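# Working through the structure, step by step
Residues per chain, in single letters:
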Amino acid sequence: MSRFAVGDRVRVHDLWPPTPPAHVRTPHYVRGHVGVVERICGTFGNPEELAFGRRGASYETLYRVRFRQADLWPGYDGPGTDHIEIEIYEFWLSPAGSEPESAG
Amino acid sequence: MSHTHDHEHAQPRPDLDDTMTYYRVMEEAVRSLLIEKGIVTADEVRREVENMDARTPANGAQVVARAWVDSDFRSRLVANPKQAIGEIGHDIGPMHLVVLENTPGVHNVVVCTLCSCYPRWLLGRPPDWYKSRAYRSRVVREPRAVLREFGTEIADDREVRVHDSTADMRYLVLPMRPDGTDGLSQAELAALVGRDSMIGVTEVVPPLRV
């Protein structure tokens, strides 16, 4: 059962996890930002565990989250309708409610 | 025969087959162990390399051309890419594919900022520029400038949508069918569809009229 639904506003964790492992799939440029769930991709083995060959890696829900380019990049050179969509695992996301889409 | 040079000739890339780099040693060691332990045979390794080399952007072009001429297929392709592509005889293996439709309102472009994720089953091996740090870092933050360098100008009233392939999905852009191609067969259409248009850094242009 996935925690978020298509259309939900979500915030990407920033400065997290506290001790960075060597292999994460969430690029810095979306951390701390608010986007909208575009689709639920399914569940996949947690790459942060699989990268170290750990047995019994958990299965995690993967989302595609849509961000406004103008929110991600100060001075973005393009219209406000430009977006970026990116895959993010559920444990990197928290509910954002109606807070503004700027970085926290 | 000698002639005076006032221009630079492209130098052939030097052979690197006498240099055992770290990764070459690792590849040889792992491959030898797998063969010695009977997990794979040398012929299976060779066949897999052959299969990898046989996958080319022509596979993707065939999918695009079919979607252009068959709207039911197009709907199935977007809803369930793996199944639809299977219908025309391509097994995309364990890949989870997302098909991104270009429309008059949206132009899609694909990148993997973290490495070089790419739909190899449909497009073969990725071009070097796709793996370069310059493309990966720039196309997310200034996509319109990068597209312009590929000769692709997207109007301001059309959204540019960048897709960052960071985890388990792979992406195929379904370009728009160009005007002036009504009389073309599916095979003729497929011949117009280049690799770069399926990554999304170009659009498909109509054939030149003679």
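Preceding this section is the structure that the text describes.
Throughout what follows, the structure given in this document is the object of discussion. None of these values were measured; they are calculated from a predicted model. (Residues numbered from 1 in each chain as written. Chains lettered and ligands numbered in written order. Predicted model: local features only at pLDDT ≥ 70, side-chain atom pairs only at ≥ 80, totals over all residues. Heavy atoms only, no water.)

## Remarks on the overall build of chain B
On a plain count of helices and strands, chain B comes out with 11 helices and four strands. Dimensions of chain B, computed from C-alpha atoms along their principal axes, come out at roughly 55 × 55 × 40 Å. Among the 210 residues that make up chain B, the fraction classed as buried is 39%. Sequence-distant contacts, at least 24 apart, represent 65% of the contacts inside chain B between residues at least 6 apart. Accessible surface for chain B amounts to roughly 12300 Å². Of this, 53% is attributable to carbon and sulfur atoms. (Helix = DSSP H or I, 4+ residues; strand = E, 2+ residues; numbered from the N terminus. Buried < 20%, exposed > 50% of the residue type's maximum accessible area, 1.4 Å probe, protein only. Contact = heavy atoms within 4.5 Å. Areas by Shrake-Rupley, 256 points an atom, 1.4 Å probe, with all protein chains shown as cover.)

## So, the side chain of H163 of chain B
By secondary structure assignment, the location of H163 of chain B is in strand β3 (residues 159-164). Side chain to side chain, H163 of chain B and E85 of chain A meet in a polar contact 3.5 Å long. Non-local contacts of H163 of chain B, meaning those with residues more than four positions away in its chain, are made with R64 and E85 of chain A together with L100, N108, V109, V110, V111 and Y171 of chain B. (Polar contact = N/O pair within 3.5 Å; in protein donor to acceptor, adjacent residues only side chain to side chain.)

## Some words on the packing of aromatic side chains
Aromatic ring pairs are reported here in terms of the distance separating the ring centres and the angle at which the planes meet. All names here are of chain B. Within the structure shown, the criterion is met by 10 aromatic pairs over all chains. Geometrically, the ring pair formed by W129 and Y135 is edge-to-face, given 5.0 Å between the ring centres and 75 degrees between the ring planes. Where Y130 meets Y135, the ring centres are 5.9 Å apart and the plane angle is 35 degrees; that geometry is what we call tilted. Residue classification places Y130 among the buried positions, given a relative accessible area of 1%. (Phe/Tyr/Trp six-rings, centres within 6.5 Å; stacked < 30°, edge-to-face > 60°.)

## Section: a nonpolar patch on the surface
A grouping of Y22, Y23, M26, V30, L34 and I39 of chain B is seen on the molecular surface, where their side chains present a nonpolar patch of about 660 Å² in accessible area. Positionally, L34 of chain B belongs in helix α1 (residues 22-36). (Patch = residues over 30% accessible without salt bridge, like charges linked within 9 Å, V, L, I, M, F, W, Y side chains within 5 Å. Salt bridge = Lys/Arg side-chain N within 4 Å of Asp/Glu carboxyl O.)

## Some points on α1 of chain B
With 15 residues, α1 of chain B extends 21 Å between its outermost C-alpha atoms, agreeing within 8% with the 21 Å of an ideal straight helix rising 1.5 Å per residue. Phi turns positive, to about 75 degrees, at G38 of chain B, one or two residues after α1 of chain B. (Expected span 1.5 Å × (residues − 1).)

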